[in-house]
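Working through the structure, step by step
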There are 2 protein chains.
Amino acid sequence: MALLGAAPRVVNVGLDLFALTLAALDVPAVHVDWRPPAGGDPRLAALLARLDARRAAIDRANATALERLTSGAPFLVDCRPAREALELPERTVLHSGPPLPWERVSEPVRAAILGAIRYEGWAANDDAARELVERGAVRLEPCHHHATAGPMAGVVTPSMPVFVVENRAHGTRGHATINEGLGKVLRYGANDDSVLARLNWIATEAGPLLGAGLRALGGIDLRALMAQALRMADEMHQRNLAATALLTRAMMPGIAQVGGRHHAVARLAEFLAGNDQFFLNLAMAAGKSMVDPAGGVAGSTLVTVMARNGTDFGIRVSGCGERWFTAPVNMPQGLYFPGFGPDDANPDMGDSAIVETIGLGAFAMVAAPAVARFLGAGGTAEAAAMTAEMREICAGEHPHFRIPALDDRGSPVGVDARLVVETSITPAINTGIASRRAGVGQIGAGVVRAPLGCFTAALEALGAE
Amino acid sequence: MALLGAAPRVVNVGLDLFALTLAALDVPAVHVDWRPPAGGDPRLAALLARLDARRAAIDRANATALERLTSGAPFLVDCRPAREALELPERTVLHSGPPLPWERVSEPVRAAILGAIRYEGWAANDDAARELVERGAVRLEPCHHHATAGPMAGVVTPSMPVFVVENRAHGTRGHATINEGLGKVLRYGANDDSVLARLNWIATEAGPLLGAGLRALGGIDLRALMAQALRMADEMHQRNLAATALLTRAMMPGIAQVGGRHHAVARLAEFLAGNDQFFLNLAMAAGKSMVDPAGGVAGSTLVTVMARNGTDFGIRVSGCGERWFTAPVNMPQGLYFPGFGPDDANPDMGDSAIVETIGLGAFAMVAAPAVARFLGAGGTAEAAAMTAEMREICAGEHPHFRIPALDDRGSPVGVDARLVVETSITPAINTGIASRRAGVGQIGAGVVRAPLGCFTAALEALGAE
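Quick caveat: nothing in here was measured; it's all calculated off a predicted structure.

What about the pairing of strand 9 (residues 303–309) of chain B?
Residue and element names in this part refer to chain B. When you tally the buried positions in strand 9, you get seven out of seven residues, the bulk of the element. Strand direction decides the pairing type here: strand 9 and strand 10 (residues 312–317), joined by five bridges, are antiparallel. Counterpart to Arg308 in the pairing with strand 10 is Phe313. Pairing of strand 9 with strand 13 (residues 349–350) involves two bridges; the strand directions are antiparallel.

Below you can see the structure in the form of structure tokens.
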């Protein structure tokens, strides 16, 4: 009788259609956003159930992997040629993402590889360079196989200087090239003379000066710097202004101290002052040094690598060590520079998703509302929603990367492949958009989602064990 | 009948006692935080009523003054000795705040003045220096009378280099010394050999290098830099990390270009890297260049200067031009370094309240939650409350200084003396706390309130016109 005497109180579960109708009629209703696990796919649901039987062991393994991932202590210690830092053999070109045969390499990545071969002087023109690759006289290998993370095309050759980041908690090292700046740059598939001239300056003047300056300083604590930058509206993928300014300020005493030729110091200072994304490559090198110790924990479903090569998206999951799980990469959604649109875009590329893998980038979107606006995702509320969504697929929160807008709650970190498959929420990644044509460069920026296929494949491999 | 049939709905006006009691009993009540104007003071209420009779004219005058205040375009253009930049006569010492006879100067400000006289070589010891001041052989004048804003004691002498900030919208210039860093520093009343040695280095090496570098760069847009820093968790009074890093990055190309002796460049770079508050003095110089054009608008009740000298708090109101209205300065409330407490503190000092005068500092507290914590004011909510409270006494919002946490709403700016007297809300100012004893230096940091007396005095002067 009491029930019938009062107005109905409604809880709606699943499809939101009923709740929306009631809302339109001003009838209060609580909507529970429930979906069947794994989108209702019976095969995946069975796989999840099978993994659930050993839940305690997986949770323990994930806790170990997460602890290794989040306890990293990256220090920037050096900058020297890849030949020395990575012992990179001659006639080897590194690229971003999972391994890829030349035939499947997309146009802008091809352009970057051919440009790099000319830059090294192994061939005088693109035809000759292509021929070297096709007959195996130049080897292509992923950056991730050489303790390196490469932005966009991610091309690294032996004479290119790379930053050396040492994870002092775990003894690993991560590397990345020096960010070339904006406009026509190799990583976006531009490869004309101006691009190669800049690479020459980087190799012969900027790189050696940075290296000598960093060695004089004895190591810059990147974890502290990144934690600080996160408090200063950088998410360290699309926005690196604070981190770049803090790094510049920290490096200049060492650079000035060793820089005998003061015009070289001035040119480097000007380069640093003109490139707001300079720090991105450092965040990636730091990330590489931080994710590697989390790999190889038996039974762990934690994602330790996410990377794209312009053709495939590849992940590694801790319990499967260095094995790649790949699926075709998605197209980024975002904003385009004037004169360009989605038809001009290449599928997504780059190892920069390592930033999301360590809990920054799109995962920390709420810390950088300017990025949310830039990416067309709206304002503060949408940025907060993105971080909240990523929290649903993460095993934990970062103890060092904390977000003031969330009252210092840690950034979500440690993607659990189980949660991705169960919720069908795939990791979001802030990204630049490259032209699908060689020689053009960047045409926009946006967000891309990892394809679900990588995660189901990884989970199947783990379930089969 | 309908009224009696339903539960009572309560609106409580004024004293919150009734509302709190109802809240304790879970009775819903809307509380209106109303107070009688001017705290119920009949004389002030009559003054406000008198001014209200010419409200339209005052509002027009304030709109003019506010437009001048908020349209300033400060550019950092130079750094050179006060002797040249300010045409400061020999044997003149500038100090912060309103004018003050030597007898009323507080201990730490005295120590700074005597130290500066020794630094200039006008006397060999404090006794001789004091004697020069007492017999008028050294003149004391406020910084604000010389287009300058001085932090804490605010001491400027002819050989000290000052930054030159040019307001390109209005043709005014503002100046400030080079921030000395933390620890034992002249501005906090320390004056031993280490303090004077640093001043010597600043005058002979750092200042000339900064000046040459800035002249080579042709002007740095400080309004853009400050707007950016406000988006990066600086309020530019207690926290200047982003602004300092951005400024360092912008200046280094010029400094390196002109810095032939590279060890000098390295020393300066190290000094910049080690001083997170370096930018504060620039914010003050920019502020001085921005407030001066807003002065002298007939009838305007807008506050153009707030400044303290360790004894008095002084303000200027636009309609009264360069006339000072003073009242005894308050003690700051805040946190103390270990071993110090409120009994050790000097009353508040410094021209740095110019930062609040242009809508930053405590007025922009919500943009810098880290500062709210540091000042014992709590977290994000308290920081937002501080900005909201300051909005109640401000004539407008800053069109350039926008706060991401408020969805890009402008910072409150343009204190209206009428609103201060009407609401009894006095401007809040973020501040450092100096020891009341000479030679000690900074002992804490906190918030201080401007004394109401300045504002009532200014309003009475305007009302008498």
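After that view of the structure, there is still more to cover.
So, the interface of chain A and chain B
The interface of chain A with chain B comprises 28 residues on the first partner and 28 residues on the second. By residue number, the principal contributor to the side of chain A that touches chain B is helix 10 (residues 241–258) of chain A, which donates 10 residues. Among the residues making up the side of chain A that touches chain B, the classes are represented as 17 nonpolar, seven polar and four charged.

Focus on unusual backbone geometry
Even without being glycine, A:Asp407 reaches a positive phi, approximately 50°. Note on placement: A:Asp407 falls in the loop between strand 14 (394–403) and strand 15 (409–415).

Topic: the relation of the copies chain A and chain B
The transformation that overlays chain A on chain B combines an axial shift of 0.0 Å with a rotation of 180°, and the residual RMSD is 0.1 Å. Here the symmetry operator amounts to a two-fold rotation axis. Minimal C-alpha separation from the rotation axis in chain A is found for A:Met232, amounting to 2.0 Å. In this assembly, 100% of the residues forming the interface of chain A have copies in chain B that are likewise at the interface, indicating an isologous arrangement.

Points about helix 3 (residues 42–53) of chain A
Because the α-helix completes a turn every 3.6 residues, residues three or four places apart line up on one side. All names here are of chain A. Taking 1.5 Å per residue, 12 residues should reach 16 Å; helix 3 reaches 17 Å between its end C-alpha atoms and fits that length. Of all the positions in helix 3, only Leu44, Leu47 and Leu51 are classed as buried. Looking straight down helix 3, one finds its buried side chains confined to an arc of 55°; they lie on one side. Facing away from the buried surface of helix 3 by more than 90 degrees, the exposed residues are Pro42, Ala46, Ala49, Asp52 and Ala53. Elements that come into contact with the buried residues of helix 3 comprise helix 4 (55–70), helix 16 (417–423) and helix 17 (452–464).

Here's the deal with the domain arrangement of chain A
The domain boundaries assigned to chain A delineate domain 1 (1–31), domain 2 (46–69 + 296–464) and domain 3 (70–287). One C-alpha centre belongs to domain 1 of chain A, the other to domain 3 of chain A; they are set 56 Å apart.

Looking at the packing of helix 10 of chain A against helix 11 (residues 262–273) of chain B
Taken N-terminus to C-terminus, the directions of helix 10 of chain A and helix 11 of chain B make an angle of 165°; their axes are 8 Å apart at the nearest point. Between helix 10 of chain A and helix 11 of chain B, the interaxial angle falls into the category roughly antiparallel. Along this stretch, helix 10 of chain A crosses helix 11 of chain B, giving a crossing that reads as left-handed. Two secondary-structure elements touch here, helix 10 of chain A through A:Arg249, A:Ala250, A:Met252, A:Pro253, A:Ala256 and A:Gln257 and helix 11 of chain B through B:His262, B:Val265, B:Ala266, B:Ala269, B:Glu270, B:Leu272 and B:Ala273. Among the residues forming the contact of helix 10 of chain A with helix 11 of chain B, the class breakdown is nine nonpolar, two polar and two charged.

Calculation rules
- Residues numbered from 1 in each chain as written.
- Chains lettered and ligands numbered in written order.
- Predicted model: local features only at pLDDT ≥ 70, side-chain atom pairs only at ≥ 80, totals over all residues.
- Buried ≥ 20, exposed ≤ 12 C-beta atoms within 10 Å, placed from the backbone.
- Helix = DSSP H or I, 4+ residues; strand = E, 2+ residues; numbered from the N terminus.
- Pairing = 2+ DSSP bridges.
- Contact = placed C-beta atoms within 7 Å.
- Nonpolar A, V, L, I, M, F, W, Y, C, P; charged D, E, K, R; others polar.
- Least-squares fit on C-alpha atoms with pLDDT ≥ 70 in both.
- Expected span 1.5 Å × (residues − 1).
- Arc of directions from axis to C-beta.
- Domains from an automatic or database assignment.
- Axes fitted to C-alpha atoms, helices over the stretch in contact; angles between N-to-C directions.
- Parallel < 35°, antiparallel > 145°, perpendicular 65-115°, else oblique.
- Left-handed = near helix turned anticlockwise from the far one by under 90°.

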